[in-house]
Amino acid sequence: MSGTNDTSDPDGTPREDRTAPPDAPSPPVTRPLPQRLLAGATGLFLLAATVLLGCRALGSDGVTPVPQLLAFLPWLLVPAALALLLAGLLRWRAGAVWALVVIGAVGWFLRPYETGTGSEVRAAGAVSGSGGTAPATLKVLTSNVEFGQAASGLVEAIRREKPDLIFVQECEFSCTRLLDERIPAADYPYRNMVRASGAEGSSILSRFPLTDTAGIPGTLAMPGSAARIGDRTVQLQLAHPLPPIPGMVGDWRTELGRIRAYATAQKEAGAPLILAGDFNATRDHAVFRALLDAGRLRDSALLAGAGHTPSWPSDVPRPLGAQIDHVLVSDDFSVRSARFLDLADTDHRSLLVTLELH
């Protein structure tokens, strides 16, 4: 006689044996499509950022779009932080760790780049030598006036700041004419001007006696001069290589390589050097770091505490942008100050530095 609690079927098989085992694997959980798309986009960004950081670590500027993106490497912190937040919301542990590694690598590369020339002592203003003559103080201004459009603003800045040496890029015919007319020869009697159209024109103006030198060959004029400052002869060289736009990255490397070769020659000659202008490169570009190392040059803005102030493009608010305008100096100089000036009608900020020649 069978009871109500009989656990066997008529064929004698226990009923519990026919149920699914309690430890059977659960079917995989599929994320909603929006989450999958978000995770995919986050992964693609982290992959691209890793490639960019790899190029930076290996000392390679790579190919387009790497050189263009390296100019804005510090700004990877913003999307990397967003990637970390998204990975956390998606509960993607590997993605969160990946984002943390990217953030850490960007932070590492934000450290000041040194060339090992004892810049810490010079930046503090120590006078070289014992019992020597007092250092000569001079102000240096470099300005890209964008096809001459900001020439009027440059004239105003010169009158206000009274720099001793002025390097002007993209100073075409109307710009040089305006400088001739509105900057008295009594104030700047020594000038090395390459009068050309568009971005090709460049000028050096000086309160100190100048002797023109060969300069550096390039698509855009890069004149050079030797200035007599006190009892020393200082080499002045304007820099304006082509920008690394797609299709011209090779030319950009070539022209920065010529500037590096010039800096190397000046280092070997032991000449005090000021190399200033629009380099179209930042310290995150390998070709620019090679230039610093080859000439044992130091970046004035970095030494003066303005190493992360952007100079281009000027129409975006600070601190956005990249610092591609530099005043590089040999270790004959200490750096007292550096300021970036906003001029109307140009996409660059001008850089004014105060130096001491020992």
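Keep in mind that what you see is a predicted model, and the values were worked out from it rather than measured.

A.B. asks: Can you tell me about the sheet that holds strand β8 (residues 273–278), naming the residues and giving the values?
C.D. replies: Here we have 6 strands laid out as an open sheet, ordered β5-β6-β7-β8-β10-β9, and mixed in their pairing. The sheet terminates laterally at β5 (210–213) and β9 (298–299), the two strands that pair on one side only. Of the strands in this sheet, β7 (232–239) and β8 touch helix α8 (residues 249–269), which is tilted by about 175° from β7. In the packing of helix α9 (residues 286–295) onto the sheet, contacts are made with β8, β9 and β10 (325–329), and the angle to β10 comes to roughly 20°.

A.B. asks: Summarise the packing of aromatic side chains; cite the residues concerned and give the values.
C.D. replies: Summed over the entire model, instances satisfying the criterion amount to 2 aromatic pairs. Ring geometry for F72 and W312: centres 6.2 Å apart, planes at 40°, overall tilted. Note that F72 is positioned in the loop between α2 (66–70) and α3 (77–89) and W312 in the loop between α10 (300–303) and β10, a separation of 240 residues in sequence. Judged by relative accessible area, which is 30%, F72 ranks as partly exposed. Its relative accessible area of 29% is what places W312 among the partly exposed residues. Positioned above the aromatic ring of W108 is the side chain of R111, whose terminal nitrogen or guanidinium carbon lies 3.6 Å from the ring centre. If you follow R207 out to its NZ or CZ, it ends over the ring of Y188, 4.5 Å from the centre.

A.B. asks: Residues and numbers for the confidence of the model for the chain, please.
C.D. replies: On average, residues of the chain score 90 in pLDDT, and 86% of them reach the 70 mark or higher. pLDDT under 50 marks residues 116–131. Its contacts with residues more than four places away, or in other chains, come to 26 contacts.

A.B. asks: Break down the packing of α8 against α9 for me, with residues and values.
C.D. replies: At their nearest, the axes of α8 and α9 sit 8 Å apart, and the two run at 10° to each other. Relative to α9, the element α8 lies roughly parallel. Counted together, W252, R253, L256, I259, R260, A263, T264 and K267 of α8 and V287, A290, L291, A294 and G295 of α9 form the full contact between these two elements. Taken together, the residues of the contact of α8 with α9 sort by class into 8 nonpolar, 2 polar and 3 charged.

A.B. asks: Tell me what's going on with the sheet that holds strand β2 (residues 165–169), and back it up with residues and numbers.
C.D. replies: Strand pairing in a sheet takes place through backbone hydrogen bonds and is either antiparallel or parallel in direction. With respect to topology, 6 strands assemble into an open sheet ordered β3-β4-β2-β1-β12-β11, the strand pairing being mixed. The open sheet has two free edges, formed respectively by β3 (190–194) and β11 (333–341), since each of these has just one partner strand. Sheet twist, expressed as the average angle between the axes of neighbouring strands with direction ignored, equals 10°. Relative to strand β4 (residues 202–206), β2 runs antiparallel, the two being bridged by 5 bridges. Looking at β4, one finds that L165 is bridged to S206.

A.B. asks: Can you tell me about the nonpolar core, naming the residues and giving the values?
C.D. replies: Core analysis: the biggest nonpolar cluster contains 27 residues, and L138, V140, F167, L236, I274 and L355 have the highest contact counts within it. Non-local contacts of F167, meaning those with residues more than four positions away in its chain, are made with V140, L141, T142, S143, S203, I204, L236, Q237, L238, I274 and A276. Residues A150, C175, L178 and L205 belong to the second largest nonpolar core, which totals 21 residues.

A.B. asks: Which residues make up the pattern of salt bridges, and what values do they have?
C.D. replies: Pairing is possible between side chains that carry opposite charge, provided their charged atoms lie close to one another. Per the counting criterion, the structure on display carries 11 salt bridges. As a salt-bridge pair, R195 and D180 come within 3.0 Å of each other at their nearest N and O atoms. Placement of R195 in the loop between β3 and β4 and of D180 in helix α7 (residues 173–182) is noted, with a sequence separation of 15 residues between them. Taking the relative accessible area as the measure of exposure, R195 reaches 44% and is therefore partly exposed. Assessed through its relative accessible area of 37%, D180 is described here as partly exposed. Linking E356 and R336 is a salt bridge whose minimum nitrogen-to-oxygen distance equals 3.0 Å.

A.B. asks: Before we move on, can you summarise α9 with the specific residues and values?
C.D. replies: An α-helix turns once every 3.6 residues. As a result, residues three or four positions apart point the same way. A large share of α9 lies buried, amounting to 8 of its 10 residues. Turning to α9, its buried residues are A286, V287, F288, R289, L291, L292, A294 and G295. Buried positions along α9 lie against α1 (33–58), α8, β8, β9 and β10. One or two positions beyond α9, positive phi appears at R296, with a value near 50°.

A.B. asks: I'd like to hear about the environment of A96, residue by residue, with values.
C.D. replies: Among the secondary structure elements, A96 is positioned in helix α4 (residues 93–109). Discounting chain neighbours no more than four positions away, the residues touching A96 are L84 and A87.

A.B. asks: Outline the environment of V101, supporting the account with residue identities and numerical values.
C.D. replies: For V101, the position within the fold is in helix α4. A residue is classified by how much of its surface remains accessible, and V101, at 53% relative accessible area, is exposed. In sequence terms V101 and L46 are 55 residues apart; their C-alpha atoms lie 9.8 Å from each other.

A.B. asks: Summarise α3; cite the residues concerned and give the values.
C.D. replies: Compared with the 18 Å implied by 1.5 Å per residue over 13 residues, the 18 Å span of α3 between its first and last C-alpha is a close match. Restricting attention to buried positions, one finds in α3 the residues A80, A83, L86 and A87. Buried residues along α3 cover an arc of 120° about the axis, so they all sit on one side. The exposed residues of α3 that point more than 90 degrees off its buried face are V78, L85 and L89. Looking one or two places after α3, you find R91, whose phi comes out positive at around 55°.

What counts and what doesn't
- Residues numbered from 1 in each chain as written.
- Predicted model: local features only at pLDDT ≥ 70, side-chain atom pairs only at ≥ 80, totals over all residues.
- Heavy atoms only, no water.
- Pairing = 2+ DSSP bridges.
- Helix = DSSP H or I, 4+ residues; strand = E, 2+ residues; numbered from the N terminus.
- Contact = heavy atoms within 4.5 Å.
- Axes fitted to C-alpha atoms, helices over the stretch in contact; angles between N-to-C directions.
- Phe/Tyr/Trp six-rings, centres within 6.5 Å; stacked < 30°, edge-to-face > 60°.
- Buried < 20%, exposed > 50% of the residue type's maximum accessible area, 1.4 Å probe, protein only.
- Lys NZ or Arg CZ within 6 Å of the ring centre and 35° of its normal.
- pLDDT = per-residue confidence, 0-100.
- Parallel < 35°, antiparallel > 145°, perpendicular 65-115°, else oblique.
- Nonpolar A, V, L, I, M, F, W, Y, C, P; charged D, E, K, R; others polar.
- Core = buried A, V, L, I, M, F, W, Y, C linked by side-chain atoms within 4.5 Å.
- Salt bridge = Lys/Arg side-chain N within 4 Å of Asp/Glu carboxyl O.
- Expected span 1.5 Å × (residues − 1).
- Arc of directions from axis to C-beta.

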